[in-house]
Amino acid sequence: MAFTRATGKHRGPSRLARRGVGIAGIATLATTGVIGTLASPALAADTEAPSLEDTGLNQTVVADVLADTVSAQAAAQEREAVEAAAREKAAAEARRKAEARAKEARLAKERAAREAERKRLASFQLPVAGSYVSTGYKTGGSLWSSGSHSGVDFHASSGTKVVSVGSGTVVEAGWGGAYGNNIVIRMYDGTYTQYGHLSAISVSVGQTVTPGQKIGLSGSTGNSTGPHLHFEARSTAEYGSDINPIAYLRARGVNV
């Protein structure tokens with residue numbers, strides 16, 4: 001009795017066909033990223049258990065796909081790490097530059113403040129703000145024991161604030177005979193200034209003063225005919241070493 005070949009739906013697929021389907025399925029699963037969890041069930045879905053030959057080929061394909069996937073992931077992670085490091089470096093550089101600018105601005109401000117203070121301490125001004133000379137230097141008359149005025153008088157009503165014309169140290173503060181209550185200051189440049197006929201004294205010997213600092217109040221103590229400020233410029237602290245106070249102040253930038 002002759003036998004006929006099975007045909008139709010009852011005919012099983014050939015080994016080669018099954019192999020091709022298995023490879024295509026593995027590639028698809030690997031591409032979607034689920035090869036690790038679904039590879040075995042997908043292969044097991046075949047109605048016929050794979051042969052040893054099929055299993056070896058499939059394992060090779062899976063290994064290659066996984067290797068490529070891991071390599072791609074590693075490369076992506078490395079790129080991300082490099083980019084993150086670059087971003088951090090750029091941010092650190094930006095912070096460094098910002099800090100450097102802030103430091104330079106602070107130092108510039110401090111330098112400007114020191115320079116302004118230096119200029120202020122080196123400046124000179126009138127002993128009575130807004131006043132004028134009522135009696136000039138070397139004016140003659142019997143009012144002065146030497147026969148002439150050894151300083152200048154600035155107009156000032158009693159109790160007007162008197163200030164140091166510049167920076168210096170007080171070397172005399174008290175009664176000065178004909179000068180009444182008087183103050184003598186050794187200026188920072190080695191010269192001396194005197195303030196006489198005061199009604200009140202606000203400083204003491206050894207005290208450091210700065211330009212415009214209040215040292216007393218004008219008055220009419222000592223040999224005086226009325227309230228005013230007697231101002232002298234001297235080369236020493238002693239009487240008789242007087243120099244022209246107007247020229248003295250003008251040489252130091254004061255408008256008299």
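To be clear, the structure that these remarks concern was listed above.
Thresholds, definitions, all that
- Residues numbered from 1 in each chain as written.
- Predicted model: local features only at pLDDT ≥ 70, side-chain atom pairs only at ≥ 80, totals over all residues.
- Heavy atoms only, no water.
- Helix = DSSP H or I, 4+ residues; strand = E, 2+ residues; numbered from the N terminus.
- Buried < 20%, exposed > 50% of the residue type's maximum accessible area, 1.4 Å probe, protein only.
- Contact = heavy atoms within 4.5 Å.
- Areas by Shrake-Rupley, 256 points an atom, 1.4 Å probe, with all protein chains shown as cover.
- Phe/Tyr/Trp six-rings, centres within 6.5 Å; stacked < 30°, edge-to-face > 60°.
- Lys NZ or Arg CZ within 6 Å of the ring centre and 35° of its normal.
- Pairing = 2+ DSSP bridges.
- Core = buried A, V, L, I, M, F, W, Y, C linked by side-chain atoms within 4.5 Å.
- Salt bridge = Lys/Arg side-chain N within 4 Å of Asp/Glu carboxyl O.
- Polar contact = N/O pair within 3.5 Å; in protein donor to acceptor, adjacent residues only side chain to side chain.

(A) Representation of the overall build of the protein chain within the structure. Along its length, the protein chain carries four helices and 10 strands. Each helix and strand of the protein chain, ordered N terminal to C terminal, gives the series α-α-α-β-β-β-β-β-β-β-β-β-β-α. Of all 256 residues assigned to the protein chain, the portion counted as buried reaches 29%. Long-range pairs, those at least 24 residues apart, make up 59% of the contacts in the protein chain between residues at least 6 apart in sequence. Of the roughly 15,400 Å² of accessible surface on the protein chain, a fraction of 57% belongs to carbon and sulfur atoms.

(B) Fine view of the packing of aromatic side chains. Applying the stated criterion to the full structure yields five aromatic pairs. Between Phe-124 and Tyr-248, the ring centres sit 6.0 Å apart and the planes meet at 85 degrees, which makes this aromatic pair edge-to-face. Separated by 124 residues along the polypeptide, Phe-124 in the loop between helix H3 (52-122) and strand S1 (133-135) and Tyr-248 in helix H4 (residues 245-251) bring together distant segments of the chain. One exposure class covers both Phe-124 and Tyr-248, and it is buried. Put simply, the rings of Phe-124, Tyr-188 and Tyr-248 pair up and form one aromatic cluster. We note Arg-252 situated over the ring of Phe-124; from NZ or CZ to the ring centre the distance is 5.5 Å. The ring of Tyr-248 is capped by Arg-252, whose NZ or CZ atom sits 3.8 Å from the centre of that ring.

(C) Seen up close, unusual backbone geometry. A positive phi angle is found at Lys-138, which is not glycine, with a value near 65 degrees. Along the chain, Lys-138 turns up in the loop between S1 and strand S2 (152-155). In this structure, His-197 is a non-glycine residue whose phi angle is positive, near 65 degrees. Position of His-197 relative to the elements: it lies in strand S6 (residues 192-201). The class of His-197 is buried, set by a relative accessible area of 5%.

(D) Quick look at the environment of Gly-166. Looking at the element boundaries, Gly-166 is found in the loop between strand S3 (161-163) and strand S4 (168-175). The class of Gly-166 is buried, set by a relative accessible area of 0%. For the pair formed by Gly-166 and Ala-122, sequence separation is 44 residues and the distance between their alpha carbons is 7.0 Å. With near-sequence residues (within four places) excluded, Gly-166 lies in contact with Ser-123, Phe-124, Met-187, Val-209, Thr-210 and Pro-211.

(E) Examining the pairing of strand S5 (residues 181-187) more closely. When you tally the buried positions in S5, you get six out of seven residues, the bulk of the element. Between S4 and the antiparallel strand that follows it, S5, lie five residues; Gly-177 among them carries a positive phi value of about 70 degrees. Relative to S6, S5 runs antiparallel, the two being bridged by five bridges. Counterpart to Asn-181 in the pairing with S6 is Leu-198. Linking S5 back to S6 in an antiparallel pair, the connection comprises four residues, with Gly-190 at a positive phi of about 95 degrees.

(F) Here's a closer look at the nonpolar core. Counting 24 residues, the largest nonpolar core has Ile-183, Ile-185, Tyr-195, Ile-215 and Leu-249 as its most contacted members. Of all the secondary-structure elements, those providing two or more residues to this core are S2, S5, S6, strand S9 (228-234) and H4.

(G) Focus on the side chain of Ser-241. Mapped onto the secondary structure, Ser-241 falls in the loop between S9 and strand S10 (242-243). Beyond its immediate stretch of four places on either side in the chain, Ser-241 contacts Ala-233, Arg-234, Ser-235 and Thr-236.

(H) Examining the pattern of salt bridges more closely. Applying the stated criterion to the full structure yields nine salt bridges. Put simply, Glu-88 and Arg-95 hold a salt bridge, and the shortest N to O gap is 3.3 Å. One salt bridge connects Arg-234 with Glu-232, and the closest N-O pair in it is separated by 3.0 Å. Classification of Arg-234 by relative accessible area gives buried; the value is 3%.

(I) Structural detail: the side chain of Asp-153. With respect to the helices, strands and loops of the structure, Asp-153 is situated in strand S2. At 3.5 Å, the side chain of Asp-153 forms a polar contact with the side chain of His-228. Excluding residues that lie within four positions of it along the chain, Asp-153 makes contacts with Tyr-132, Val-133, Ser-134, Thr-135, His-228, Leu-229 and His-230.

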